[in-house]
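# What the coordinates show
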Amino acid sequence: MQRIGVFICWCGSNISATVDVVKVAEAMKNEPGVVYSANYQYMCSENGQQLIKQAIKEHNLTGIVVGACSPRMHEATFRKTAEAAGLNPYMVEIANIREHCSWIHKDMDEATEKAIILVRTAIAKVKLNAPLMAGESPVIKRALVIGGGIAGIQAALDIADAGFEVDIVEKNATIGGRMAQLDKTFPTLDCSACILTPKMVDCAQHEKIDILTYSEVEDVKGFVGNFSVKIRRKARYVDESKCTGCKVCMEKCPSKKGLNAFNMNLNTRPAIYIPFAQAIPNVAVIDPEQCIKLKTGKCGICQKFCGVGAIDYEQKDTFVERQYGAIVVATGYKPIDLDAFNEYGYNDNKDVVTSLELERLMNAAGPTNGVLLRPSDGKHPKVITFIQCVGSRDSSGCGKPYCSKICCMYTAKHAMLIREKYPDTEVHVFYIDVRTPGKNYDEFFRRAVEQYGVDYIKGMVGKVYNENGKLMVQGSNLIDNEQVTIESDLVVLAAAIEPEPSVRKVATLLTASIDTNNFLTESHAKLRPVESPTAGVYLAGVCQGPKDIPETVSQASACAAKVIGLLVKDKLKTNPCVATPDESMCNGCSQCANVCAYGAITYVDKEFRIGGGKTEVRRVASVNPAVCQGCGACTVTCPSGAMDLKGFSSKQIMSEVEAICKK
Amino acid sequence: MQEVTTEKKEFVPNIVAFCCNWCSYAGADLAGSSRLTYPANVKIIRVPCSCRVNPSFVLKAFQQGADGVILCGCHPGDCHYVTGNYYTRRRMALLYSFLNYLGIEKERTRLEWVSAAEGARFSAVMNDFVKTVTDLGENKRLTDLRVKEGE
Ligand SMILES: Cc1cc2nc3c(=O)[nH]c(=O)nc-3n(C[C@H](O)[C@H](O)[C@H](O)COP(=O)(O)OP(=O)(O)OC[C@H]3O[C@@H](n4cnc5c(N)ncnc54)[C@H](O)[C@@H]3O)c2cc1C
Ligand code: SF4
Ligand code: SF4
C-alpha cells in the first residue's frame, strides 16, 4: 500500500499570497493514497525539512510530494531530506506551485484550483515512482579552457595552481585576447601589457598548462567528469617546436600587404608573422590567403632564410582528441560591425575610428608607435570628439538592446590620457548617461571632468559629415537645450561589444544555452552565475555578458574554484533516470541504438525460457547506465514499446496527463 | 472596470504543456520569476527532453478531454541531448497528419522552441496558444471516443 505525504510550502508570501495553501493541503487529505498532508511557511528551511523527516518516519511514508518552488531550485534539497529520513531520494516529486502558479496568476481562486491540480498530478506520478540508486562515474582530472583571453588565462592558472592539468584552446596564433590590444587600463591606468604579459608567460611556463593556439574545438562528446573533445590544430606552416621567434622571415617576406588584425587593420604585416612582440607562443604563422608560395608555388623565401628549418609549406590541419572532466568557456567578444550606423560616417571617413582602434593608435607598439596621429594624414588631431553608446542600449533594432558596460569607463580613460599627453587638445564627449558604478570608478570619471577639463555633452549625435576636410559632429546638447556642431579632427566611436561569433558553434557543441544576444546563459542569474546549465561547463569573461577586466578576472577565478571542486572528486554520482528495455518485449531490432546520440545502447544475446523446459537465445538491447543521459529518445522510437525511462516512465507521464485532464 | 459576465458559459480550454527540463521548463520558470502571466488553464508536465514525448501521450491527453496540447523544447541546434528535438520535430509532423486523419484540428497541437532565457517568449506562446484553442472551442472529437470507450 502506498503511503503518500504531501507538504505544501507558503514560501513566505511568495506562494501564499495567491494560493490558499491551507486549502490545498486540506484538499490533498482526501486524495487516495495520501496519509499525511501539511503546510508550512518555508519547507526548505531547517524546520521545514525537519517536519518532512518527522512525517516520513512517523507515518511510514512511501513517497512524498512537495508543493513548492521549481524542482530546478530545490528538488535536490528535498531528495536529500527524504534520504536522511530513510526514504529513497527518488520517491520525491515536486509540484511547482510558485514559478508555474502563484507568480503568474493573480486570482486566488484560480491559482488555488491550479495548485490543487498540480499537486494532484505530482501525487499521481509519485505513486508510480520506484526507488532508484545513483551509479558512479569516474572524473577525469583535467580541464579544458576554450579561449585564451584574460578570462581563460586566469581560469587556467588558478586550476593549474591547484594541481590539475589544463589545456587552453585558443583560435588565434597567440593567447592574450583583447586585453593584449589595450594600451592603459582603467581604473588605475597601468599599462595593459605590463600586467597581462607576466600572466601569459606564467601560463607558458606552468608545467600543468598546455597551450594549444591556432586551434579550435571540433567535436565534444561525453558528459560532466568525462568529456571527450576533438581539437583541430590548424596548419601554421611553421613547426612550433623549431621556430625560435627570430622574425627573420618577417623581414624577408616579400608579401607585406596583409591587414594587421592585432592593430585593428590600421596597418599591414607580412604573410608570415608573429602577432605581437609578447605573443605566446612566440612562433610565426603563415597567412595562407596572402602567402605567395602557398598560392602560386613560387617564392619560398622564408624557408631559405629560416635558420632552424621551421617553415613547412606542406603542413596540414591535425586533430587531437583529449579527455576532460570540466570545460570552461572564455571566448570573449568583438566590437560590433558599424555598417548599420552610417550616420557616424565610419565607413566613409578614415578619421572616424572605434575605441579599440584608438587603443592601438595610442599604444607604443601600435601602428603609430604610440604617437596619436590621425589615420588620414598622419597629423596630430587638435579636436577630438567621442561618441558614446554607439549601438548599445539601442531599441531601434540596428544595435544591441543592452549596455556594453565598459564604454563609459574606457572613454573617460581615453579622454584623460589624451589630455594628459597632449594638453593642447580639445576633447568632447557626447553621452546619453554616464554609468560608472564600481570601486573608484565614479571618482575616475570625475577626474576626467574636473581635473582634465574634458567637455561632457549630454545628448545624442545626429550625424558626422566631412566638410572641407573637417569632421562635423552634429548633435544635441540636452542640458542647454540647443543643437551643437563640433568641428573635429578625429571622431572616436564607443562601439557596442558582442560575443565572439564563433561562440555559437561552441555552445552547440557543448549544448550550453545562449540568449537572444548570443551571450552564454548561466545556470542561475544570481546563485549560479558561472555555471552553464550543462553540468561540467563553466563560463568566464565577456562570453557570459559585458564586463571589464576586474570582473572578468573575478569570474574566471570563481570558475576555477568550481572546476577544482569538481576535479578533486574521484567519482560523480550519475543520474539514475536512465533507459531500460523490457527484455521480454525487445526483439533486438536496433532502432533504439540508431537514435541514441551517446551510443549508450548495445545488443547482447540472452537466453530466455520459452516453456516446456526449453530455452531460446535472443538478441536484446542493453543500456549502459553510465553512458545513457536519460533523454528518452529511444523510448519513443522503440516500435515494440520495450524501452522505458526510469523516473519518467510512460506510465508515470500518462498518469500525469490523466490527473491534469480529470474534470 | 467592466464586471465579468456572470454567465458561466464562457469556454475555458484545458491545456497540457510538455516542457523539456533544460530549456522550456526553465523558460517557464523564468516567466514565473519575471511575473509574466499566462492563463491558469495551462498545466506543465516536465520531461527530460521533448523527444521523451511519445505521440501517444498527446493522443492520451486529447482522449482524456484536453482541448489543446503543446510541446516545448530547446531551439534546433541547442538540444541538451544534441539531437532530441530533431526527433520530436519529425514525430510531430507525423502526428499532425494523423490528427488530421482523425479530424482533429491541427491547431490544437503545437511544437514550440523556447530557451531557458526566453521567459517572455514562453508567456507569449502560451497566451497565443490558449487564444487559438479557445477560438477553436471544446475538443469534442476525441473526448467522445473516450466516453464511448467508458461505456
Ligand atoms: C576599447 C576598449 C577598451 C577597454 N579598456 C578596458 C580597461 O581599460 N580596463 C578594463 O578593465 N577593461 C577594459 N576593456 C574590457 C576588456 O577588454 C575585457 O573585459 C576583457 O578583454 C575580457 O576578456 P575575455 O577573456 O572575456 O575576452 P577576450 O579578451 O575577447 O578573449 C577571448 C579569447 O578567446 C578566443 N576565442 C574566441 N572564440 C574562440 C573559439 N571559438 N575557440 C578558441 N578560442 C576562441 C579569442 O581569440 C580571444 O583570445 C576594454 C574594452 C574595449 C573594447
Ligand atoms: S613563402 Fe614567401 S610569401 Fe610566403 S611566407 Fe614565405 S617568404 Fe612570405
Ligand atoms: S535515453 Fe535512450 S537515447 Fe537517450 S541517452 Fe539513454 S539510451 Fe540513449
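Definitions and limits used
Residues numbered from 1 in each chain as written. Chains lettered and ligands numbered in written order. Predicted model: local features only at pLDDT ≥ 70, side-chain atom pairs only at ≥ 80, totals over all residues. Heavy atoms only, no water. Helix = DSSP H or I, 4+ residues; strand = E, 2+ residues; numbered from the N terminus. Buried < 20%, exposed > 50% of the residue type's maximum accessible area, 1.4 Å probe, protein only. Contact = heavy atoms within 4.5 Å. Lys, Arg positive; Asp, Glu negative; His and termini not counted. Charge placed at Lys NZ, Arg CZ, Asp CG, Glu CD. Near = heavy atom within 4 Å. Nonpolar A, V, L, I, M, F, W, Y, C, P; charged D, E, K, R; others polar. pLDDT = per-residue confidence, 0-100. Salt bridge = Lys/Arg side-chain N within 4 Å of Asp/Glu carboxyl O. Pairing = 2+ DSSP bridges. Axes fitted to C-alpha atoms, helices over the stretch in contact; angles between N-to-C directions. Phe/Tyr/Trp six-rings, centres within 6.5 Å; stacked < 30°, edge-to-face > 60°. Lys NZ or Arg CZ within 6 Å of the ring centre and 35° of its normal. Buried area = accessible area lost by both parts, 1.4 Å probe. Polar contact = N/O pair within 3.5 Å; in protein donor to acceptor, adjacent residues only side chain to side chain. Left-handed = near helix turned anticlockwise from the far one by under 90°. Areas by Shrake-Rupley, 256 points an atom, 1.4 Å probe, with all protein chains shown as cover. Domains from an automatic or database assignment. Patch = residues over 30% accessible without salt bridge, like charges linked within 9 Å, V, L, I, M, F, W, Y side chains within 5 Å. Disulfide = S-S within 2.5 Å.

### Concerning the overall build of chain A
The helix and strand tally for chain A stands at 19 helices and 34 strands. Here chain A holds 663 residues, and the buried ones make up 55% of them. For chain A, contacts bridging at least 24 residues in sequence account for 68% of all contacts bridging at least 6. With 76 positive and 74 negative side-chain charges, chain A shows a separation of 4 Å between the mean positions of the two kinds.

### Thoughts on the site of ligand 3
As a structural note, the neighbourhood of ligand 3 is formed by Ala579, Cys596, Tyr598, Ala600, Ile601, Cys628, Gln629, Gly630, Cys631, Gly632 and Cys634 of chain A. For the shell around ligand 3, a count of residues per class yields 8 nonpolar, 3 polar and no charged.

### Comments concerning the confidence of the model for chain B
For any part of a model where pLDDT is low, the fine detail of the predicted coordinates should not be relied upon. Residue and element names in this part refer to chain B. Of the residues in chain B, 89% reach a pLDDT of 70 or more, and the chain-wide mean stands at 88. The least confident element of chain B is helix 5 (residues 141-150), whose mean pLDDT is 58; the most confident is strand 2 (residues 42-47), at 98. Note on residues 1-7: pLDDT under 50 across the span, and 1 contact to partners over four residues away in sequence or across chains. Scoring the predicted complex yields pTM 0.81 and, for the interface, ipTM 0.92.

### Observations regarding the pattern of salt bridges
Residue and element names in this part refer to chain A. Inspection of every chain in the model, using the stated rule, returns 46 salt bridges over all chains. The salt bridge partner of Lys184 is Asp183, with a shortest N-O separation of 3.7 Å. Residue classification places Asp183 among the buried positions, given a relative accessible area of 9%. Between Lys458 and Asp433 there is a salt bridge, with its nearest N and O atoms 3.3 Å apart. Remark: Asp433 occurs in the loop between strand 22 (426-431) and helix 14 (441-450) and Lys458 occurs in strand 23 (residues 455-458); sequence separation between them is 25 residues. For Asp433, a relative accessible area of 27% gives the class partly exposed.

### Quick word on the sheet that holds strand 1 (residues 4-9) of chain A
Residues and elements named next belong to chain A. The 4 strands are arranged 2-1-3-4 in an open sheet whose pairing can be described as parallel. Each edge of the sheet is formed by a strand with only one pairing partner; in this case those strands are strand 2 (34-40) and strand 4 (92-96). Each neighbouring strand pair of the sheet contributes to a mean axis angle of 15 degrees, computed without reference to strand direction. When strand 3 (residues 63-68) meets strand 4, the two strands line up parallel, connected through 5 bridges. Of the residues in strand 4, the one forming a bridge with Ala68 is Asn96. Contacting strand 1, strand 2 and strand 3, helix 3 (residues 46-58) crosses the sheet at an angle of about 165 degrees to strand 2.

### Regarding the packing of aromatic side chains
Per the counting criterion, the structure on display carries 10 aromatic pairs over all chains. Taking 6.3 Å as the distance between ring centres and 35 degrees as the angle between the ring planes, the aromatic pair formed by Phe18 of chain B and Phe57 of chain B counts as tilted. With Phe18 of chain B in strand 1 (residues 15-20) and Phe57 of chain B in helix 2 (residues 55-63), this residue pair connects regions lying 39 residues apart in the sequence. Where Phe98 of chain B meets Tyr101 of chain B, the ring centres are 6.3 Å apart and the plane angle is 20 degrees; that geometry is what we call stacked. Residue Phe98 of chain B and its partner Tyr101 of chain B are located together in helix 3 (residues 84-102), separated by 3 residues, close to a single helical turn. Three or more aromatic residues link up through ring pairs in this structure, and these residues are Tyr431, Phe445 and Tyr456 of chain A. Geometry around Tyr25 of chain B places Arg46 of chain B over its ring, the cationic atom sitting 5.6 Å from the centre. Over the aromatic face of Tyr96 of chain B sits the side chain of Lys106 of chain B, whose NZ or CZ is 4.7 Å from the ring centroid.

### Comments concerning the interface of chain B and chain A
Contact with chain B, which involves 51 residues of that partner, is made by 51 residues of chain A. Taking both partners together, chain B and chain A bury about 4200 Å²; carbon and sulfur atoms supply 62% of that area. Considering only the surface of chain B that becomes buried against chain A, Lys43, Arg46 and Arg52 of chain B emerge as the three largest contributors, covering 16% of it. Summed over the shared surface of chain B and chain A, the result is 4 salt bridges. At the junction of chain B and chain A, the tally comes to 17 residue pairs in polar contact (both at pLDDT 80 or more). Every element with two or more residues in the side of chain B that touches chain A is listed here: strand 1, helix 1 (24-33), strand 2, helix 2 and helix 3 of chain B. Broken down by element, the side of chain B that touches chain A gets its largest block of residues, 7 residues, from helix 1 of chain B. When its residues are assigned to classes, the side of chain B that touches chain A shows 29 nonpolar, 13 polar and 9 charged.

### A few points about the pairing of strand 24 (residues 461-467) of chain A
Residues and elements named next belong to chain A. As paired elements, strand 24 and strand 25 (residues 470-477) share 6 bridges and run antiparallel to each other. Note that in strand 25 the partner of Tyr465 across the bridge is Met472. Connecting strand 24 to the next strand, strand 25, in antiparallel fashion are 2 residues, including Asn468 with a positive phi near 50 degrees.

### Comments concerning the sheet that holds strand 21 (residues 383-390) of chain A
All names here are of chain A. The strand order 20-27-21-22-23 describes an open sheet built from 5 strands, whose pairing is parallel. The sheet is open, and its two borders are formed by strand 20 (352-354) and strand 23, each paired with just one other strand. Between one strand axis and the next, the sheet turns through 25 degrees on average, direction left out of account. Summarising the sheet, strand 22 and strand 23 pair through 4 bridges and their orientation is parallel. Bridge pairing in strand 23 links Phe430 to Ile457. Against the sheet, helix 12 (residues 355-362) contacts strand 20, strand 21 and strand 27 (490-495), and its axis sits at roughly 95 degrees relative to strand 20.

### Quick notes on the packing of helix 2 of chain B against helix 3 of chain B
All names here are of chain B. The contact between helix 2 and helix 3 brings their axes to 10 Å, and the two run at 35 degrees. Seen along the crossing, helix 2 lies across helix 3 with a hand that is right-handed. Facing helix 2, whose interface residues are Pro55, Val58, Leu59 and Phe62, helix 3 presents Arg91, Leu95, Phe98, Leu99 and Leu102.

### Considering the site of ligand 1
Residues and elements named next belong to chain A. Around ligand 1, 37 residues are found, and the nearest of them are Glu170, Phe186, Tyr333, Lys413 and Lys547. Note that an oxygen atom of ligand 1 is positioned 2.7 Å from one of the side-chain N or O atoms of Tyr333. The contact in question runs from an oxygen atom of ligand 1 to an N or O atom on the backbone of Ile549, over 2.8 Å. Protein chains bury 98% of the 1000 Å² of accessible surface belonging to ligand 1 in isolation. For the shell around ligand 1, the elements supplying multiple residues, two or more each, are helix 7 (150-161), strand 8 (184-185), helix 12, helix 13 (407-421) and helix 16 (549-567). Class assignment for the residues of the shell around ligand 1 results in 16 nonpolar, 12 polar and 9 charged. Taken together, domain 2 (142-234 + 317-332 + 500-567) and domain 4 (338-498) each give at least three residues to the shell around ligand 1, which thus spans both.

### As for a negative patch on the surface
All names here are of chain A. Taken together, the side chains of Asp107, Asp109, Glu110 and Glu113 define an acidic patch exposed on the protein surface. Relative to the elements of secondary structure, Glu113 occurs in helix 6 (residues 108-126). Under the relative-accessibility criterion, Glu113 is labelled exposed at 51%.

### Considerations on the domain arrangement of chain A
Each assigned domain of chain A is listed here: domain 1 (4-126), domain 2 (142-234 + 317-332 + 500-567), domain 3 (248-305), domain 4 (338-498) and domain 5 (579-646). Just the C-alpha atoms count here: the centres of domain 1 of chain A and domain 4 of chain A sit 56 Å apart.

### Quick notes on the state of the cysteines
Residue and element names in this part refer to chain A. The final tally for this structure, using the stated rule, is 2 disulfides over all chains. A sulfur-sulfur distance of 2.1 Å marks the disulfide that ties Cys191 to Cys194. Judged by the sign of its S-S torsion, about 90 degrees, the cystine formed by Cys191 and Cys194 is right-handed. Accessibility expressed as a relative area gives 23% for Cys191, which makes it partly exposed.

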